[in-house]
Amino acid sequence: MSSLPTGLTYLPPRMTISDARQETESSIFSTVETLLSKTSIAAHEIDIVVANCSCFTPVPSLSEMIVNKFKLRSDVRVYNLSGMGCSASAISLNVAQSLMRVHRNSYAMVVSAENITRNYYCGNRRSMMIPNCLFRVGAAAILLSNKPRDATRSKYKLERVVRTITGADDRSYNCVYQQEDEEGHVGVSLSRDLVKVAGDALKFNITTVAPLVLPLKEQLFYVISEVLRRIQSNPKSRPYVPDFKKAVDHICVHAGGRSIIDEIERSLRLQPEHMEASRMTLHKFGNTSSSSIWYELAYLEAKGKIKPAQLVWQIAFGSGFKCNSLIWRAMPSILEHCMEGNCKNPWKDYVHQYPITISQIRQ
């Protein structure tokens, strides 16, 4: 279930760097240990480490914490991303992907987490209190390989990474903004434009994703509608929304909040079942920032919904403002990984012992 760090259970809350380190280490270390155990990969075999955490940037960095804890090799390539928001995991994947194009026969580990302790808001401004209600502790670790021998045991193949940033627009840039309030309390302010900004960023992202995944018929409809809109010069005419249900089999939308999920469902004309993983993740774990899209993928695996050759579309939103997409193709080994008894993830027992319908969550 969703959880808060130990430091916030005290009155007044303990928000020291020591408490923040304890939170981060407990979530990241256990996640990496689980990953290494599941993949039967030894720590010294890791060639690349990319870690991301938006609001906690200690010295040494999170990636170096991992090197120290698991005693990685001295020549391991280490990278640490900060301030990139809830879409940082997709960016980390893109960084790892770029590095692996240069470094052959490598293992790359991507670790995504967020820190609640150092970013808990203790003031009274409403726009800055919302993150206190939404964000919870969470982390994810992903192992990437470009070694030919791993093709038969990998769960997914990374097909596409599409990144979009609308930060040139002031409204988009300022909609998620870390600042101090009138009393000097630091927090992250969420503007009322957030849902609209997320929808606009998604539209920009779709213009790149659509030609890569949509069937030819849907692409033609989309191009024709855009040409007609520009000829008519009618700003009120609604653009044609491609039917992505014909292109991808599963969609994992960042569980940033109910309003965000509702907006994406409406914008893409999706059915409630397409947003089930996102709503269930928000319901059980809260907003775990950049790791949320991996909780959603784990949910689909635990439910046994993913079949070989199917496409999974992960959509992540982050400050700046960014919308990033990951397109994965399920490999034949996904059936073995998702068999009852083999599926070891946070949802393993929950989806069977506590069946909750989407209608119950909406209420």
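Residues numbered from 1 in each chain as written. Predicted model: local features only at pLDDT ≥ 70, side-chain atom pairs only at ≥ 80, totals over all residues. Heavy atoms only, no water.

Draft legend 1. How the structure looks around the sheet that holds strand β8 (residues 250–253). Judged by pairing direction, the sheet is mixed, and its four strands sit side by side in the order β5-β10-β9-β8 without closing on themselves. Every other strand in the sheet has two partners, leaving β5 (156–165) and β8 as the edge strands with one partner each. The mean inter-strand angle of the sheet, taken between neighbouring strand axes irrespective of direction, is 15°. In the sheet, strand β9 (residues 311–318) pairs with strand β10 (residues 322–330) via eight bridges, with the strands oriented antiparallel. By the bridge assignment, Trp-313 is partnered in β10 with Ile-327. Along the sheet, helix α6 (residues 194–213) contacts β5, β9 and β10; its crossing angle with β5, the most-contacted strand, is approximately 135°. (Pairing = 2+ DSSP bridges. Helix = DSSP H or I, 4+ residues; strand = E, 2+ residues; numbered from the N terminus. Axes fitted to C-alpha atoms, helices over the stretch in contact; angles between N-to-C directions. Contact = heavy atoms within 4.5 Å.)

Draft legend 2. Structural context of unusual backbone geometry. Residue Pro-12 is bonded to the preceding Leu-11 through a cis peptide linkage, with omega at -5°. Here Pro-12 shows up in the segment before α1 (17–39). Going from Gly-320 to Phe-321, the amide bond is cis rather than trans, its omega being 5°. Tracing the sequence through the fold places Phe-321 in the loop between β9 and β10. The backbone phi angle of Asn-105 is positive, close to 50°, even though this residue is not glycine. Inspection of the secondary structure assignment puts Asn-105 in the loop between α3 (88–102) and β3 (107–113). Here Ala-309, not a glycine, exhibits a phi torsion of approximately 75°, which is positive. By the secondary structure assignment, Ala-309 is in the loop between α10 (292–302) and β9.

Draft legend 3. A look at the pairing of β8. Of the two faces of β8, the one lined by His-250 and Cys-252 and the one lined by Ile-251 and Val-253 are each fully buried. Judged from the four bridges that link them, β8 and β9 form a sheet pairing that is parallel. Directly across from Cys-252, in β9, lies its bridge partner Gln-314. (Buried < 20%, exposed > 50% of the residue type's maximum accessible area, 1.4 Å probe, protein only.)

Draft legend 4. A look at the UniProt feature "domain: Beta-ketoacyl-[acyl-carrier-protein] synthase III C-terminal" (unreviewed entry) in the protein. In this structure's numbering, the residues bearing the UniProt feature "domain: Beta-ketoacyl-[acyl-carrier-protein] synthase III C-terminal" (unreviewed entry) are residues 246–329. Along residues 246–329 one finds 37% helix and 24% strand; the C-alpha atoms at either end are 15 Å apart. (UniProt positions renumbered as here; feature names shortened; annotations may be inferred.)

Draft legend 5. View of a nonpolar patch on the surface. Among the surface-exposed residues, Leu-216, Leu-220, Val-223, Ile-224, Val-227, Leu-228 and Ile-231 lie close enough to one another that they form a single nonpolar patch of about 680 Å² accessible area. Mapped onto the secondary structure, Ile-231 falls in helix α7 (residues 216–232). (Patch = residues over 30% accessible without salt bridge, like charges linked within 9 Å, V, L, I, M, F, W, Y side chains within 5 Å. Areas by Shrake-Rupley, 256 points an atom, 1.4 Å probe, with all protein chains shown as cover. Salt bridge = Lys/Arg side-chain N within 4 Å of Asp/Glu carboxyl O.)

Draft legend 6. Expanded view of the packing of aromatic side chains. Summed over all chains, the structure comprises nine aromatic pairs. When the ring of Phe-244 is compared with that of Trp-313, the centres are 4.8 Å apart and the planes differ by 40°; the resulting orientation is tilted. Of this pair, Phe-244 sits in the loop between α7 and β8 while Trp-313 is found in strand β9, placing the two residues 69 residues apart along the sequence. Taken individually, Phe-244 and Trp-313 each receive the classification buried, so the pair is uniform in this respect. Joined through ring pairs, the aromatic side chains of Phe-285, Tyr-295, Tyr-299 and Trp-347 make up one cluster. In this structure, Arg-14 packs its charged tip against the face of Tyr-10, placed 4.2 Å from the ring centre. Seen from the ring of Trp-347, Lys-284 lies directly overhead, with NZ or CZ sitting 5.1 Å from the centre. (Phe/Tyr/Trp six-rings, centres within 6.5 Å; stacked < 30°, edge-to-face > 60°. Lys NZ or Arg CZ within 6 Å of the ring centre and 35° of its normal.)

Draft legend 7. The arrangement of α6 in detail. Over its 20 residues, α6 runs 27 Å from end to end, which matches the ideal 28 Å to within 8%, given 1.5 Å per residue. Considering bend angle alone, the principal kink of α6 is centred on Ile-206 and spans about 35°. Looking at α6, one finds that the buried residues are Leu-194, Val-197, Ala-198, Gly-199, Asp-200, Ala-201, Leu-202, Asn-205, Ile-206, Val-209, Ala-210 and Val-213. (Expected span 1.5 Å × (residues − 1). Bend = angle between axes of the 7 residues up to and from the residue.)

Draft legend 8. Examining the layout of surface pockets more closely. There is about 930 Å³ of room inside the second largest pocket. Surrounding the second largest pocket, 42 residues form its lining, Phe-135, Val-176, Val-188, Leu-190 and Ser-319 being those nearest its centre. Listed by contribution, the elements that provide at least two residues to the lining of the second largest pocket are α4 (126–134), β6 (176–180), β7 (186–190), α6, α8 (258–267) and β9. With six residues, α4 is the largest single contributor of residues to the lining of the second largest pocket. (1 Å grid on protein atoms, 1.4 Å probe; cavity = no way out; pocket = protein on both sides within 12 Å on 5 of 7 lines; lining within 4 Å. Points joined across faces, edges and corners; volume = space filled by probe spheres on them.)

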